[in-house]
Amino acid sequence: MTALFGLARRNWQISNPPEVPKSPKPLRFGVLSAADIAPSALIVPSKSHPEVVVQVIAARDPSKAKAFAQKHGIPEVAATYQDILDNQNIDCVYIPLPNGLHLKWALRALEAGKHVLLEKPSVGNAAEARALFRSPLLASGGPHRTPPVILEAAHFVFHPAWAAFMSFVSPPDVASARATLWVPRWRLGADDIRYRYELAGGALMDLGFYTATAIMRVFGSVAEECIECKTEPGSMDARCDRWFKARYRFPGGDGPNSERIGEIEGDFKAPLDRISPDVHVVHRPVVVTDDSGLEADISAEVERAGGAAKVEVVRIRKVKFTTFVQPTYMHSIEVDDEYQMRQRLEGPAAALQPAVAVLKTWRKSKTTKAYTFRDMGAEQPGEPYWATYRYQLEQFVNRVRGRETRQWFGGEDSINTMRMIDMAYTAAKLPLRVSEVDKKTEEKLEKPEQKSDQKAAEMKSDKKTELKPDRRVEQKFDKQFEQKLDRRAEQRT
Ligand SMILES: NC(=O)C1=CN([C@@H]2O[C@H](COP(=O)(O)OP(=O)(O)OC[C@H]3O[C@@H](n4cnc5c(N)ncnc54)[C@H](OP(=O)(O)O)[C@@H]3O)[C@@H](O)[C@H]2O)C=CC1
Ligand SMILES: O=C1OC[C@@H](O)[C@H](O)[C@H]1O
């Protein structure tokens, strides 16, 4: 009963957070368009952030902008998107335009010296992502004071549940992973922006952004290759996928029998039984020595086997994160560890496959969740009703203010996600999406990668696949959380 009350209260507060007084010099945001997502992703989260004021909105139709401003308590309406960029009182812009317009408006915003919170997927393809996220404007800040910050709204990676989930994942040891995301069949209209190729629509762009990002974090790198991608078209344009299923090979496998395979699937018209976005991870067997009690068991087995045998304990870990995209509403992280005490065979027996005899198996399972960083025993602001977007806003503001950011989604992350999406479209024999850009920008853009040999060459020379420093911090932090949970579980038993 108490749990149900807590759930109902949290879910109500997500959309109705307590409002806080604003600091003397808050960051003033402008919103480019009256998009459906703007209230959840910025306007509501801003209410509980003392340093954020949503100051101005513009829409193509001024009466729509006015009505939107009235409904959401936005004090100013600008006549055009450009007027927001030209407004010297505005520090940051939020861009929730259709995908195909992200590049143009993000570049214009950076040129105007604004910090940019950009909706996902960042742009149309990886070449465009490189043009945006490696733009000289980000290094210099152009003619303006400080270099601007740009963040693609990968909101789910900012939530503590993601950090909690990752604390159970060891990227180099991941053997396989699968991420899925569904949109219920009634949600999108037939003419939704997601079905329009000219606006860089497609399920891989939209749902593939989340699922590809999730498996990249799980494997700790971008994939080497998309082995296969199946799609089904939407009814508006055959180039715009409504459903996809893609399989990738990740680096670090040991040959054909132990490849590291990641799979993603998404559907804009999912049936009712497919509504929860999940990530499933399976690790390869890893020798463990540090779980309490295991050492003693190993010594006893060795003794029983006459002292000569090579005995070791391996752990095969499976982790399932349910509702990884919107964990604030409800989520669960299930960890299932199978332990095997193995004896490595020697002499002629070693020629057998596998060259080990399993002496004993046992399991340890636990289910956990984290709505705040406090739930993980970490000192970081947050409340159970903070949506992923609110956690994201916290870090965005920290970065703009020059403070430490504990979670981040960097430009190279955005580029790598677009590479994953490009690889999948290429494998599906569908054209890459191309953004609408100004003539000036078009000249600077390289051609999108279409050919797989071009991609392979690039991957070999691209050193950007390894983890960024931010991720290493996150993993250290994750490890501490895992140890803490283990201690708590031990105390309970
Ligand atoms: N982070 C998240 O959880 C989510 C992110 N998104 C992302 O946000 C973006 C917007 O999605 P969503 O809010 O669902 O979309 P909407 O269709 O509701 O909003 C898009 C806005 O773009 C404006 N627009 C400008 N030019 C065009 C054009 N040529 N055709 C259509 N619209 C145009 C319209 O603005 P105007 O008001 O000026 O008429 C419209 O309000 C997408 O990139 C999507 O991937 C979407 C949902 C969830
Ligand atoms: O970003 C999004 O969130 C999940 C989906 O429901 C939606 O289509 C998408 O745009």
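Owing to the predicted nature of the structure, the values given are computational and were not obtained by experimental measurement.

**Details of the overall build of the protein chain**
Part 1 of the reasoning: When helices and strands are counted, the protein chain shows 15 helices and 15 strands.
Part 2 of the reasoning: Every one of the 493 residues in the protein chain was classed for burial, and the buried ones make up 46%.
Part 3 of the reasoning: Expressed as a percentage of contacts within the protein chain between residues at least 6 apart in sequence, the contacts between residues at least 24 apart total 73%.

**What to know about the domain arrangement of the protein chain**
Part 1 of the reasoning: When the domains of the protein chain are assigned, the result is domain 1 (2–156 + 388–400) and domain 2 (278–322 + 332–368).
Part 2 of the reasoning: Measuring from the centre of the C-alpha atoms in domain 1 to the corresponding centre in domain 2 gives 48 Å.

**Notes on the sheet that holds strand 6 (residues 150–152)**
Part 1 of the reasoning: The sheet built from 6 strands is open, its strands ordered 3-2-1-4-5-6 with parallel pairing. Each edge of the sheet is formed by a strand with only one pairing partner; in this case those strands are strand 3 (76–77) and strand 6.
Part 2 of the reasoning: Where strand 4 (residues 92–95) and strand 5 (residues 115–118) come together, 4 bridges link them in parallel fashion. Considered in strand 5, the bridge of tyrosine 94 is made with leucine 117.
Part 3 of the reasoning: The strands touched by helix 2 (residues 38–47) are strand 1 (27–32), strand 2 (52–58) and strand 4; relative to strand 2, the strand with the most contacts, the crossing angle is about 140 degrees.

**Section: the packing of helix 9 (residues 203–219) against helix 12 (residues 411–427)**
Part 1 of the reasoning: Remark: helix 9 packs on helix 12, axes separated minimally by 9 Å, with the N-to-C direction vectors making an angle of 120 degrees. Both helix 9 and helix 12 take part in a crossing whose hand is right-handed. Contacts between helix 9 and helix 12 involve Leu204, Met205, Gly208, Phe209, Ala212, Thr213 and Met216 on the former and, on the latter, Asn416, Thr417, Met420, Ile421, Ala424 and Tyr425.
Part 2 of the reasoning: Grouping the constituent residues of the contact of helix 9 with helix 12 by class yields 9 nonpolar, 4 polar and no charged.

**Thoughts on the environment of alanine 78**
Part 1 of the reasoning: For alanine 78, the location among the structural elements is in the loop between strand 3 and helix 4 (81–86).
Part 2 of the reasoning: According to the C-beta neighbour criterion, alanine 78 is buried, with 23 such atoms within 10 Å.
Part 3 of the reasoning: Sequence separation of alanine 78 and glycine 347 is 269 residues, and the distance between their C-alpha atoms is 80 Å.
Part 4 of the reasoning: Discounting chain neighbours no more than four positions away, the residues touching alanine 78 are Val56, Ala58, Asp83, Ile84 and Asn87.

**Re the site of ligand 1**
Part 1 of the reasoning: In the vicinity of ligand 1 lie 22 residues, with Ser33, Ala35, Asp36, Ile37 and Ala59 positioned nearest.
Part 2 of the reasoning: A per-class count over the shell around ligand 1 returns 12 nonpolar, 3 polar and 7 charged.

Conventions used here
- Residues numbered from 1 in each chain as written.
- Chains lettered and ligands numbered in written order.
- Predicted model: local features only at pLDDT ≥ 70, side-chain atom pairs only at ≥ 80, totals over all residues.
- Helix = DSSP H or I, 4+ residues; strand = E, 2+ residues; numbered from the N terminus.
- Buried ≥ 20, exposed ≤ 12 C-beta atoms within 10 Å, placed from the backbone.
- Contact = placed C-beta atoms within 7 Å.
- Domains from an automatic or database assignment.
- Pairing = 2+ DSSP bridges.
- Axes fitted to C-alpha atoms, helices over the stretch in contact; angles between N-to-C directions.
- Left-handed = near helix turned anticlockwise from the far one by under 90°.
- Nonpolar A, V, L, I, M, F, W, Y, C, P; charged D, E, K, R; others polar.
- Near = placed C-beta within 6 Å.

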